[in-house]
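Spelled out from the first residue to the last, the chains are:
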Amino acid sequence: MRFVEFFGVRTRVLALVAAFLLVLGGALNPAAAQQAAMSAATQQKIDQLAKLLDDPDIHAVLTARAKETVPSAAMPESMSANDFTLWINRIRAHLLSVTQAVPLVPGEFEKAADTTMAEIDGRRPIGVFLFFLLLVAIGRAAEWIFGRIVRRIHAGRATAHPAAQANGFHALGRHIFAELAPLVVFGFASIGLFLSFTWPELLTKLIVPTLLAVIAARFFIRILNVLLTAYPDASGEPAKRLVPVGDAAAKFWQSRIALFFSIFFVGWAANGAMMALGFLPAVREVIVYAVGIGLLATAINMVWRRPRGAERQGRSGAFEWLLTFWFCLIWLLWVSGAYLLMWICAYLILVPLGLKIVSSVVHTAFRRHSSDEGRDSPFFEVLIERSARAAFIAVAVLWLATVMRVNSTMMMQEETASRILRGALSGVVILLAADIVWQMVKALINYRLDRARHAEGDPAELARSGRLLTLLPIFRNFLAVIIATIAVLMVLSGLGIAVGPLIAGAGIFGVAIGFGSQTLVKDVISGIFYMTDDAFRVGEYIQSGSYKGTVESFSIRSVRLRHHRGPVFTVPFGVLGAVQNMSRDWAIDKFVISVSFQTDLPKVKKLVKAVGAELLEDPDVGSQIIETVKMKGVEQFTDYGINLSFAMTTKPGHQSGIRRRAYAMIREAFIANGIEFASPTVQVAGDDHGGTKSADATATAAALATNTAIAQKKAAEAQAQAG
């Protein structure tokens with residue numbers, strides 16, 4: 001049932017592709033049926049021609065003439081209408097030669113059998129195949145023995161040291177070793193055993209590439225197992241995969257991608273064997289293209305049968321149809337010989353997908369094992385991720401350059417085009433190196449900023465953290481500009497552009513901008529000196545003229561202040577002037593309380609001293625007090641009482657809350673001990689005893705009005721001090 005599902009999925013897609021290929025073949029070769037019925041004499045002549053072509057001298061002469069006279073099927077760099085017509089004609093001729101080679105396939109296999117018997121001591125192809133299977137069996141046996149020995153060693157270590165089980169990246173390394181080490185043993189056992197003896201040259205050309213194809217296919221499948229197989233460790237966490245997918249999705253992708261690699265390397269090995277046996281190039285292409293149909297069918301199956309989330313179940317499938325068309329286009333470009341266009345189309349899918357997988361694998365590995373690597377793991381995570389991405393892109397670019405060099409010989413003969421190509425490749429390498437340097441620097445700076453935000457300890461350490469929070473963002477922006485500028489200049493220099501005049505012109509342009517924007521220059525230079533003088537830091541409360549607030553962030557030319565009532569001020573450094581920093585070291589807060597003339601001042605001093613001691617023991621405010629509240633003495637005499645001065649030293653930013661707490665405690669202590677606050681009094685005297693009651697009422701009303709006015713005035717003063 002699964003076989004039917006696998007090869008019967010989306011039959012209308014495969015039928016459409018098959019119909020298109022049939023129509024294309026019929027259009028290119030209308031006489032294919034007539035050529036199928038070739039006479040024996042014609043076949044004999046073809047065999048004689050093939051033997052002549054096998055002669056090394058004739059082959060070298062024909063190859064040299066073909067390079068001189070036959071242009072490549074790749075698209076030229078700059079193409080006119082006539083060039084485009086010639087390019088299309090070359091593609092059509094290539095397809096026609098492939099179609100005409102289909103009837104020659106059986107004869108080539110018969111000739112290969114004769115060649116095998118003639119050059120390998122009368123051995124038939126089946127004997128060579130059985131010998132190949134014997135080597136594979138020997139390699140598998142060595143692989144099995146190696147795996148058994150390794151499992152016994154691990155079991156013995158686990159028994160002897162049960163607490164020393166692999167964890168973190170050690171478990172990942174063991175997982176990779178368990179997948180790849182047996183394959184190395186298989187390669188040494190099979191290929192090493194074969195190369196230890198002397199064999200006929202043709203047998204070596206057949207066996208060694210085929211064994212390499214088996215090893216390469218198994219290598220990619222093992223890498224796939226490393227990415228998609230869940231592995232546990234000793235941390236107690238459930239087993240996870242490097243590529244975060246579910247069980248069903250992992251099983252699907254393992255089976256389909258393994259099938260794709262198997263078909264690919266079967267075609268690769270078959271092509272090498274056919275070259276060793278002297279197959280005609282057109283016949284080899286027919287067989288390889290037939291294998292390519294299997295690759296195309298597997299890719300289309302992966303598109304339509306891949307696991308999808310619940311949110312994508314009801315969609316129309318437009319994306320799937322687009323991918324199907326794209327894969328068919330890649331296959332047709334390959335068959336037509338337009339290899340450069342084929343790889344460009346393939347890169348549009350492979351490069352973004354590969355970069356996404358690389359980033360996902362690195363993030364998953366570090367997210368799972370970061371606790372084992374200490375506090376610097378983010379830096380190493382970025383280093384490994386960006387290095388892996390850069391290596392992936394570099395390999396892709398180098399392969400594309402190789403394809404361009406092979407398929408664009410005319411373009412490469414031009415010195416200008418060759419220089420531009422080399423400059424473009426070196427530019428890619430420079431940009432990748434700049435990206436790695438920038439990402440590492442940014443990760444390190446962000447890591448230091450995160451540590452500074454959560455810093456704890458003595459005041460000196462907190463001061464250093466505040467300075468880092470102030471300077472590192474500016475330093476990060478400055479480095480970004482420097483790295484980008486150097487990278488761009490190096491890329492332009494590699495492309496052959498003279499950067500000296502550009503730098504000189506930029507200097508003149510900078511001078512012109514400096515004269516035209518003196519205010520901007522003033523802001524930038526003032527900001528540099530503010531940072532050098534350590535005038536303020538992020539998180540500190542400052543005041544400059546009419547601007548005051550907490551410093552939130554910086555830019556190159558301005559500072560961002562958050563007022564305690566909410567508004568945000570963006571103030572250029574050039575207009576700050578003298579800065580009053582209210583968040584450094586300590587804050588001294590002074591306040592005045594009025595008492596009556598009859599107050600016992602020594603008693604008040606003792607009461608305030610007791611209040612200060614109680615404030616120090618308060619768990620909410622005690623840790624913020626440097627010197628507790630004390631009575632300084634008599635400040636002045638007023639019309640209604642005595643003004644007493646009080647002072648205390650606190651940490652910056654906490655004085656207002658501590659003062660409010662002290663007010664409340666002093667009031668309670670005064671009331672409990674009979675200390676009266678000063679209040680305005682009015683005495684009214686007269687000779688008329690009959691008017692005493694009305695005079696008393698008038699005096700009381702006047703006293704109440706005066707007390708209300710004084711209370712409002714004190715409330716306004718307290719609010720002003722708190723603000």
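Residues numbered from 1 in each chain as written. Predicted model: local features only at pLDDT ≥ 70, side-chain atom pairs only at ≥ 80, totals over all residues. Heavy atoms only, no water.

Caption draft 1: Layout of the packing of aromatic side chains. Within this structure, the stated rule accounts for 25 aromatic pairs. Residues phenylalanine 219 and phenylalanine 220 carry aromatic rings whose centres are separated by 5.6 Å and whose planes lie at 75° to one another, so their mutual orientation is edge-to-face. Given a relative accessible area of 34%, phenylalanine 220 falls into the partly exposed group. Taken together through their ring pairs, the aromatic side chains of Phe219, Phe220, Phe260, Phe261, Phe264, Phe265 and Trp268 make up a single cluster. Note that arginine 218 overlies the ring of phenylalanine 186, its terminal NZ or CZ placed 4.9 Å from the centroid. (Phe/Tyr/Trp six-rings, centres within 6.5 Å; stacked < 30°, edge-to-face > 60°. Buried < 20%, exposed > 50% of the residue type's maximum accessible area, 1.4 Å probe, protein only. Lys NZ or Arg CZ within 6 Å of the ring centre and 35° of its normal.)

Caption draft 2: How the structure looks around the nonpolar core. Ranked by internal contacts, the top residues of the largest apolar core, which has 48 residues, are Phe194, Leu203, Ile207, Leu211, Phe279, Val283 and Trp334. If one sorts the elements of this core by residue count, helix H12 (residues 281-305) sits on top with nine residues. For valine 283, the contacting residues outside a window of four places in its chain are Ala101, Leu104, Val105 and Glu108. Counting residues in hydrophobic clusters, the runner-up holds 23 residues, among them Ile593, Val604, Val608 and Val629. (Core = buried A, V, L, I, M, F, W, Y, C linked by side-chain atoms within 4.5 Å. Helix = DSSP H or I, 4+ residues; strand = E, 2+ residues; numbered from the N terminus. Contact = heavy atoms within 4.5 Å.)

Caption draft 3: Structural detail: the confidence of the model for the protein. This prediction gives the protein a mean pLDDT of 75; 72% of its residues lie at or above 70. With pLDDT under 50 throughout, residues 1-41 is counted as low confidence; its partners more than four residues away or in other chains account for 38 contacts. Of the regions scoring below 50 in pLDDT, residues 409-413 engages in eight contacts with residues more than four places distant in sequence or in other chains. (pLDDT = per-residue confidence, 0-100.)

Caption draft 4: Geometry of the packing of helix H9 (residues 169-195) against helix H10 (residues 201-228). Here H9 crosses H10 at 175°, and the two axes come no closer than 10 Å. Comparing the axis directions of H9 and H10 gives the class roughly antiparallel. Here the contact of H9 with H10 is built from residues that sort into 19 nonpolar, five polar and three charged. (Axes fitted to C-alpha atoms, helices over the stretch in contact; angles between N-to-C directions. Parallel < 35°, antiparallel > 145°, perpendicular 65-115°, else oblique. Nonpolar A, V, L, I, M, F, W, Y, C, P; charged D, E, K, R; others polar.)

Caption draft 5: Region of interest: the sheet that holds strand S7 (residues 625-637). If you trace the three strands from one edge of the open sheet to the other, you get S6-S8-S7, paired in antiparallel fashion. Since the sheet does not close on itself, it has two edges, and those belong to strand S6 (587-595) and S7, each with one partner. Neighbour-to-neighbour, the strand axes of the sheet open up by a mean angle of 20°, direction not taken into account. In the packing of helix H21 (residues 601-617) onto the sheet, contacts are made with S7 and strand S8 (642-650), and the angle to S7 comes to roughly 160°. Strands in contact with helix H22 (residues 655-672) are S6, S7 and S8; relative to S6, the strand with the most contacts, it is inclined by about 25°. (Pairing = 2+ DSSP bridges.)

Caption draft 6: Spatial organisation of the pairing of S7. In this structure, S7 lies alongside S8, joined through eight bridges in antiparallel fashion. For glutamine 636, the partnering residue across the bridge sits in S8 and is asparagine 643. Linking two consecutive strands that pair antiparallel, namely S7 and S8, is a turn of four residues.

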